[in-house]
Amino acid sequence: MVTIPGPIDPPPRLLMGPGPISAYPSVLRAMSAPLVGQYDPFMTAAMAETQELYRGVWATSNAATLLVDGTSRAGIEAAMVSLIRPGDRVLVPVFGRFGHLLAEIAERAMAEVHTIETDWGQVFPPSVIEEAIVRVKPALLGLVQGDTSTTMNQPLDEIGAICSRHGVLFYSDATASLGGNDFEADAWGLDAATAGLQKCLGGPSGSSPITLSERAVAVIESRKKIEAGIREPGDPASPDFVRSNYFDLGMILDYWGPRRLNHHTEATSMLYAARECARIILLEGRDAVIERHRVAGAAMLAGVEALGLVVFGDVAHKMSNVVAVEIPEGVPGDIARAALLDDFGIEIGTSFGPLHGRVWRIGTMGYNARKDAVLTTLAALETVLARFGVAVPAGGGVDAATGVYAEAP
Ligand SMILES: *Cc1c(COP(=O)(O)O)cnc(C)c1O
């Protein structure tokens, strides 16, 4: 006998971790809109609108601005397998967990991968990246912008010029940072950048916005193509073929482009979600949304410091949208997090690798980059810390955060 569970009915949650976050209500509404056919003029128009909206989000005029269906790593994988030929040298500066992910995916794309590392909680000075480029002579640089595992925001503004001087393709994973921190695809000389919806863009995971420069598109177009499932003559095992069908950006571009050649079936409800995320950002104003994240992040930072918590990493290079704090002596990290969830419906994040069990990560992203979400989280955190015997100033976190909001322009 199979017991049929009831219809899905999630508990109310305030998601204040490093992602996923609570989606904007209008994104959830957009996802429940009726489906249309893959080539319905409404659908192709919605795809074109989504491309134009994301040009605004990425600050680019790249024609090749689109979505890869799947979570953020679908975008990472599509960029890597399509831009890298087996045997190409790839350089990945690693400053957290997601740098290791880029290196691993590049290895699976059969690149010769070189990494440089810095301590968790730090970023790379551009000169260190340039020295490594001169030494390794990579075809592609893969660099995370914001790594949620450490909360650091790697400055990218000088990296494009360095890459272009040395003839290197410049790819960045901006999943954690896009929409909540500056990102200028054209002005910073990016050749490829990818993201996901479940961080500052304020949607669910499952769609990966990507933008590609003309130089990147030329590399992709130079690979062998298989049109609409019909194999051209040639050995599919040759390095000219992209090592994946689903993530072959040449085929995906032909689907999104004027020829509309069938590849996959675009995930309609996720397209509606991605379109709504970008629409919200451009309607509020891209700079205004980044500023809203800056203020929410500054308020959360001031709040946790006022509660006596020690902030992890180089605060000058922290992303606006997430802060890591050391778990105070004697507080059982996971039990305290469970108390926040059970008693207040608030989720904050644990950590990976060297930081596991040492820090909590608290996010203020997308819909939740909001004063009431910040203050509610700080009030609940104070209560839970006090319950575990930490001496916290009554109302101290909320007061400090309120002070930041009072001074915000
Ligand atoms: C959160 C995050 C991801 C997430 O990838 P998913 O496939 O969407 O889970 C990827 N890269 C970075 C830098 C992130 O912060």
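Residues numbered from 1 in each chain as written. Predicted model: local features only at pLDDT ≥ 70, side-chain atom pairs only at ≥ 80, totals over all residues. Heavy atoms only, no water.

**Some thoughts on the overall build of the protein**
The following threshold applies: Numbering of helices and strands starts at the N terminus; helices are DSSP runs of H or I of at least 4 residues and strands are runs of E of at least 2. Partly exposed residues are those whose accessible area sits between 20% and 50% of the maximum for their type, while under 20% is buried and over 50% is exposed, using a 1.4 Å probe and protein chains only. Shrake-Rupley sampling with a 1.4 Å probe provides the accessible areas, and residues are treated as covered by the protein chains on show and by no other component. In this count, Lys and Arg are taken as positive residues and Asp and Glu as negative ones, while His and the chain termini are left out. Charge placement uses NZ in Lys and CZ in Arg. For Asp and Glu, CG and CD serve respectively.
Counting its regular elements, the protein contains 13 helices and 13 strands. The dimensions of the protein, computed from C-alpha atoms along their principal axes, are 70 × 55 × 55 Å. When each of the 409 residues of the protein is scored for burial, the buried share is 55%. With the model as given, the accessible surface of the protein reaches about 16,600 Å², and the carbon-plus-sulfur share is 56%. Between the mean site of the 32 positive side-chain charges and the mean site of the 47 negative ones, the protein shows a separation of 3 Å.

**A word on the nonpolar core**
Selection rule: Each nonpolar core is a collection of buried residues, namely Ala, Val, Leu, Ile, Met, Phe, Trp, Tyr and Cys, held together in the definition by side-chain atoms within 4.5 Å.
Core analysis: the biggest nonpolar cluster contains 86 residues, and Tyr-54, Trp-58, Leu-141, Phe-183 and Leu-212 have the highest contact counts within it. Sorting elements by how many residues they give to this core places helix 9 (residues 268-284) first, with eight residues.

**Observations concerning the pattern of salt bridges**
Rule in force here: What counts as a salt bridge is simple: a side-chain nitrogen of Lys or Arg found within 4 Å of a carboxyl oxygen of Asp or Glu.
Overall, the coordinates contain 14 salt bridges when judged by the stated rule. In this structure, Glu-130 and Arg-165 form a salt bridge, with 3.1 Å as the shortest nitrogen-oxygen distance. With Glu-130 in helix 5 (residues 126-136) and Arg-165 in helix 6 (residues 159-165), this pair connects stretches of sequence that are 35 residues apart. Arg-370 is the salt-bridge partner of Asp-372, the closest N and O atoms lying 2.9 Å from each other.

**Points about the domain arrangement of the protein**
A common way to state how big an interface is: give the accessible area lost once the parts meet. What counts here: The split into domains, and so the bounds of each, comes from an automatic or database assignment of domains. By definition in these notes, contact holds between two residues if any of their heavy atoms fall within 4.5 Å. Here the quantity called buried area is the total loss of accessible area, with a 1.4 Å probe, experienced by two parts when brought into contact, counted for both. Distance and chemistry together define a polar contact, namely a pair of N or O atoms within 3.5 Å, with one atom able to donate a hydrogen and the other to accept it when in protein, and with adjacent residues in sequence counting only for side-chain atoms on both sides.
Domain boundaries in the protein define domain 1 (25-282) and domain 2 (286-407). For domain 1 versus domain 2, the separation of C-alpha centres amounts to 30 Å. The interface is formed by 32 residues belonging to domain 1 together with 22 residues belonging to domain 2. Between domain 1 and domain 2 lies a buried interface of about 2,200 Å² when both sides are counted; carbon and sulfur atoms form 64% of it. There are one salt bridge connecting domain 1 and domain 2. Among the salt bridges present, the one from Glu-184 reaches Arg-286, with a minimum N-O distance of 2.7 Å. Where domain 1 touches domain 2, the interface holds eleven residue pairs in polar contact (both at pLDDT 80 or more). If you list the elements that add at least two residues to the side of domain 1 that touches domain 2, you get helix 2 (41-58), strand 6 (146-147), strand 7 (152-153) and helix 9. If one sorts the elements of the side of domain 1 that touches domain 2 by residue count, helix 2 sits on top with three residues.

**Looking at the site of the ligand**
We count it as follows: Throughout, near means a residue has at least one heavy atom within 4 Å of the molecule or strand. Here the term charged refers only to Asp, Glu, Lys and Arg, the term nonpolar to Ala, Val, Leu, Ile, Met, Phe, Trp, Tyr, Cys and Pro, and the term polar to all other amino acids, Gly among them.
If you check the shell around the ligand, you find Thr-71, Ser-72, Arg-73, Phe-98, Val-144, Gly-146, Thr-148, Asp-173, Thr-175, Ala-176, Gln-198 and Lys-199 and nothing else. Measuring from an oxygen atom of the ligand, one finds a side-chain N or O atom of Thr-71 at 2.6 Å. In the environment of the ligand, an oxygen atom lies 3.0 Å from a nitrogen or oxygen atom belonging to the backbone of Arg-73. Its residues placed into classes, the shell around the ligand shows three nonpolar, six polar and three charged.

**Quick word on the UniProt feature "domain: Aminotransferase class V" (unreviewed entry) in the protein**
Using the following cut-off: UniProt positions are given in the numbering used here, feature names are shortened, and annotations may be inferred rather than shown by experiment.
With numbering matched to this structure, UniProt assigns "domain: Aminotransferase class V" (unreviewed entry) to residues 43-214. Helix makes up 34% of residues 43-214 and strand 24%, and the two end C-alpha atoms of the span are 26 Å apart.

**Looking at unusual backbone geometry**
Across residues other than glycine, the phi torsion is negative in most instances, and most of the peptide bonds are trans. The step from Gly-19 to Pro-20 runs through a cis peptide bond, and the omega angle for that step is 5°. Of note in the backbone geometry, Ala-59 takes a positive phi value of approximately 60° without being a glycine. As for its placement among the helices and strands, Ala-59 is situated in the loop between helix 2 and strand 2 (64-69). Under the relative-accessibility criterion, Ala-59 is labelled partly exposed at 21%.

**Remarks on the sheet that holds strand 10 (residues 207-212)**
The condition is simple: Here, strands pair whenever DSSP counts at least two bridges between them. Whenever a helix is involved, its axis is fitted only over the stretch in contact; in every case the axis is a line through C-alpha atoms, and angles between N-to-C directions fall within 0 to 180 degrees.
Read across the open sheet, the seven strands follow the order 2-10-9-8-5-3-4; overall the sheet is mixed. Edge positions in the sheet fall to strand 2 and strand 4 (112-117), since each has one partner strand and no second. The sheet shows a mean angle of 20° between the axes of neighbouring strands, direction not considered. By the bridge criterion, three bridges tie strand 9 (residues 192-194) to strand 10 in an arrangement that is antiparallel. Directly across from Thr-194, in strand 10, lies its bridge partner Ile-210.

**A few points about the environment of Pro-126**
Looking at the secondary structure, you find Pro-126 in helix 5. Distance from Pro-126 to Ile-159, taken between C-alpha atoms, is 6.4 Å for residues 33 residues apart in sequence. In this structure, Pro-126 is in contact with Glu-158, Ile-159 and Ile-162, ignoring residues within four places of it in sequence.

**Some points on helix 4 (residues 97-108)**
Rules: One fewer than the residue count of a helix, multiplied by 1.5 Å, yields its expected span.
With twelve residues, helix 4 ought to run about 16 Å at 1.5 Å a step, and its terminal C-alpha atoms sit 17 Å apart, in line with that. Residues of helix 4 that are buried: Phe-98, Gly-99, Leu-101, Leu-102, Ala-103, Ile-105 and Ala-106. Where helix 4 is buried, its residues contact helix 3 (72-83), strand 3 (89-94), strand 4, strand 5 (140-144), strand 6 and strand 8 (169-173). Once helix 4 ends, the next one or two residues include Met-110, with phi positive near 70°.

**Thoughts on the side chain of Asn-62**
Of note, Asn-62 is situated in the loop between helix 2 and strand 2. The exposure class of Asn-62 is buried, given its relative accessible area of 11%. One polar contact links the side chain of Asn-62 to the main-chain carbonyl oxygen of Leu-212, over a distance of 3.3 Å. What Asn-62 contacts, discounting residues up to four positions off in sequence, is Arg-55, Asp-186, Thr-211, Leu-212, Ser-213 and Glu-214.

**So, the pairing of strand 3**
Heads up, the condition is: The handedness rule is simple: strands pointing away from the viewer, and a clockwise path from the first strand over the helix to the second, make the crossover right-handed.
The buried fraction of strand 3 is high, at five of six residues. Sheet topology places strand 3 next to strand 4; six bridges connect them, and they run parallel. Counterpart to Pro-93 in the pairing with strand 4 is Ile-116. Following the chain from strand 3 across helix 4 to the adjacent parallel strand 4, one finds a crossover that is right-handed. Note: strand 3 against strand 5, two bridges, orientation parallel. Residue Leu-91 lies in a different strand from strand 5, and its bridge partner there is Leu-141.

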